[in-house]
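# Topology and contacts: notes
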Amino acid sequence: SKNFCSQYGYLDPDEYATIYSPEGVLPGIQFHDGVARVIDHMYVTNTTYAYGVIIHGECDFGGSFELTDASTFKIVAYGYDSFDDTEPTITDFYLLNTGQRFVTDWTKWDLSVLGKVVRVEFNLVACDNGYGKYGLVIPAYFAYDDVAVRFEK
């Protein structure tokens, strides 16, 4: 479509457990009316910012990234069936899978496996060499569009 969302933010796995997000929480989407619905799918892709770092290793985040056959970069989705839920259902989508498959086109991601949810939070996770002195060296961005939601009749 003509519009899409560029999502930013991640939970750093280091000892500081810092969340890099303007709101102080993992970024995501939610149904404000509190009614749980199935998010059937959305289309996702890498951003050019992430592409530049992954392919060319150009970054200034306290480390460098070297693309290898073992390199990975993925989105992890945490689906919550209520606002009080603390045990999410989890699924992931690889933006870079074992150094070979790098997503450059809009790709359908099946989120129906999360079941009925009121909110979904997204985290970005890289392979071991995707982290440097200050956390993730790959920019914590991905783009999504065309979120398809199942509504009860």
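Residues numbered from 1 in each chain as written. Predicted model: local features only at pLDDT ≥ 70, side-chain atom pairs only at ≥ 80, totals over all residues. Heavy atoms only, no water.

### Describing unusual backbone geometry
We count it as follows: By definition, any uninterrupted DSSP run of H or I lasting at least four residues is a helix, any uninterrupted run of E lasting at least two residues is a strand, and each is numbered from the N terminus.
Unlike most non-glycine residues, D146 shows phi in positive territory, near 50 degrees. Among the secondary structure elements, D146 is positioned in strand β14 (residues 141-150).

### Things to note about the pairing of strand β7 (residues 89-97)
Each regular strand carries side chains that alternate between the two faces of the sheet. Our working definition: By the convention used here, strands pair only if DSSP detects at least 2 bridges between them.
As defined by bridge partners, strand β6 (residues 73-80) adjoins β7 across seven bridges and the pair is classed as antiparallel. When the bridges of β7 are listed, K74 appears paired with Y94. Here two bridges tie β7 to strand β8 (residues 101-102), and the two strands are oriented antiparallel to one another. Bridged to N97 within β8 is R101.

### Digging into the sheet that holds β8
Pairing in this open sheet of five strands is antiparallel, and the strands run β4-β11-β6-β7-β8 from one edge to the other. Each having just a single partner strand, β4 (28-30) and β8 make up the two edges of the open sheet. The pairing of β4 with strand β11 (residues 119-126) spans three bridges and is antiparallel. Looking at the pairing, I29 lines up with V120 of β11.

### Regarding the nonpolar core
Which entries qualify depends on this criterion: For the purposes of this section, nonpolar cores are sets of buried Ala, Val, Leu, Ile, Met, Phe, Trp, Tyr and Cys residues that join through side-chain atoms within 4.5 Å. Whether a residue is buried, partly exposed or exposed follows from its accessible area with a 1.4 Å probe, protein chains only, as a fraction of its type maximum: under 20%, in between, or over 50%, in that order.
Counting residues in each nonpolar core, the largest one holds 32 residues, and the members touching the most others are F73, I75, W109 and I138. Those elements that place two or more of their residues in this core are β5 (37-45), α1 (48-56), β6, β7, β11 and β14. With four residues, the top contributor of residues to this core is β11.

### A few points about a nonpolar patch on the surface
Short version of the rule: Patches were defined on residues exceeding 30% relative accessible area and lacking a salt bridge, with like-charge contacts within 9 Å and nonpolar side-chain contacts (Val, Leu, Ile, Met, Phe, Trp, Tyr) within 5 Å. Using a 1.4 Å probe, accessible areas were evaluated by the Shrake-Rupley method; residue-level cover was limited to the displayed protein chains. One speaks of a salt bridge when a side-chain nitrogen belonging to Lys or Arg is within 4 Å of a carboxyl oxygen belonging to Asp or Glu.
Residues Y51, I55 and L67 make up a contiguous nonpolar surface patch of about 230 Å² in total accessible area. By the element assignment, Y51 lies in helix α1.

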